[in-house]
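# Structural overview for review
This is what each chain is made of:
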Amino acid sequence: MTRPILKGVMRSINASRCKEQCLAILDNLSRDGLVIAKRGKPVARLTPYQSNCADLIGSMKGKIRVTGDILSTGLRWDASVR
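### A word on the overall build of the protein
- Check the secondary structure of the protein and you find two helices and three strands.
- Going from the N terminus to the C terminus, the protein shows its helices and strands as β-α-α-β-β.
- For the protein, the residues scored as buried account for 17% of the 82 residues in total.
- Of the contacts formed within the protein by residues at least 6 apart in sequence, a portion of 10% connects residues at least 24 apart.
- About 7,700 Å² of surface is accessible on the protein, with carbon and sulfur atoms providing 55% of the total.

Given below as C-alpha cells:
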C-alpha cells in the first residue's frame with residue numbers, strides 16, 4: 001500500500017520511492033523541499049525552483065528572532081572632526 005504525499009508534511013523519502021512517485025512528488029513539493037536518501041543516508045535535496053523574488057517576502061516569518069538593536073555595532077564611536 002502506498003502512502004499519499006501530503007503538501008508540507010513529507011521531509012525525507014527513500015530514493016526508490018522517489019523514483020516511483022516522481023511526478024506526484026513534484027506536483028506536491030513544499031517550499032522547504034525534500035531530502036532524498038539511499039539506505040537511510042541523505043544523498044540529495046529536492047527544492048522548488050523559485051521564479052519570483054516576491055516568494056521570499058515573509059518566508060522567514062516565525063523562523064528567526066531579532067534581539068537587541070540591529071542598527072548598532074554595539075561599539076561607541078564619534079564621527080566628528082577634531
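### What to know about a nonpolar patch on the surface
- Taken together, Val 66, Ile 70 and Leu 71 make up a surface patch of nonpolar side chains, about 380 Å² in accessible area.
- Judged by its relative accessible area of 78%, Leu 71 falls in the exposed class.

### A closer look at the sheet that holds strand β3 (residues 41-46)
- Taken in spatial order, the three strands make up an open sheet running β1-β2-β3, and their pairing is mixed. Either end of the sheet is taken by a strand with one partner, and the two such strands are β1 (12-14) and β3. When the angles between neighbouring strand axes are averaged without regard to direction, this sheet yields 35°.
- As paired strands, strand β2 (residues 34-38) and β3 are joined by five bridges and run antiparallel to one another. The partner of Val 35 across the bridge, within β3, is Arg 45.

### Quick look at the state of the cysteines
- With the rule as written, the count across this model stands at zero disulfides.
- Unpaired in terms of disulfides, Cys 22 finds its nearest cysteine sulfur in Cys 18, a separation of 5.7 Å.
- A residue is classified by how much of its surface remains accessible, and Cys 22, at 33% relative accessible area, is partly exposed.

### Examining unusual backbone geometry
- Of note, Arg 39 is a non-glycine position whose phi angle comes to about 55°, a positive value.
- Position of Arg 39 relative to the elements: it lies in the loop between β2 and β3.

### Quick look at the nonpolar core
- Core analysis: the biggest nonpolar cluster contains six residues, these being Ile 13, Cys 18, Ile 25, Leu 29, Leu 34 and Ile 36.
- Apart from the residues within four sequence positions on either side, Ile 13 is in contact with Cys 18, Ile 25, Leu 34, Val 35, Ile 36 and Ala 37.

Reading the values: rules and limits
Residues numbered from 1 in each chain as written. Predicted model: local features only at pLDDT ≥ 70, side-chain atom pairs only at ≥ 80, totals over all residues. Heavy atoms only, no water. Helix = DSSP H or I, 4+ residues; strand = E, 2+ residues; numbered from the N terminus. Buried < 20%, exposed > 50% of the residue type's maximum accessible area, 1.4 Å probe, protein only. Contact = heavy atoms within 4.5 Å. Areas by Shrake-Rupley, 256 points an atom, 1.4 Å probe, with all protein chains shown as cover. Patch = residues over 30% accessible without salt bridge, like charges linked within 9 Å, V, L, I, M, F, W, Y side chains within 5 Å. Salt bridge = Lys/Arg side-chain N within 4 Å of Asp/Glu carboxyl O. Pairing = 2+ DSSP bridges. Axes fitted to C-alpha atoms, helices over the stretch in contact; angles between N-to-C directions. Disulfide = S-S within 2.5 Å. Core = buried A, V, L, I, M, F, W, Y, C linked by side-chain atoms within 4.5 Å.

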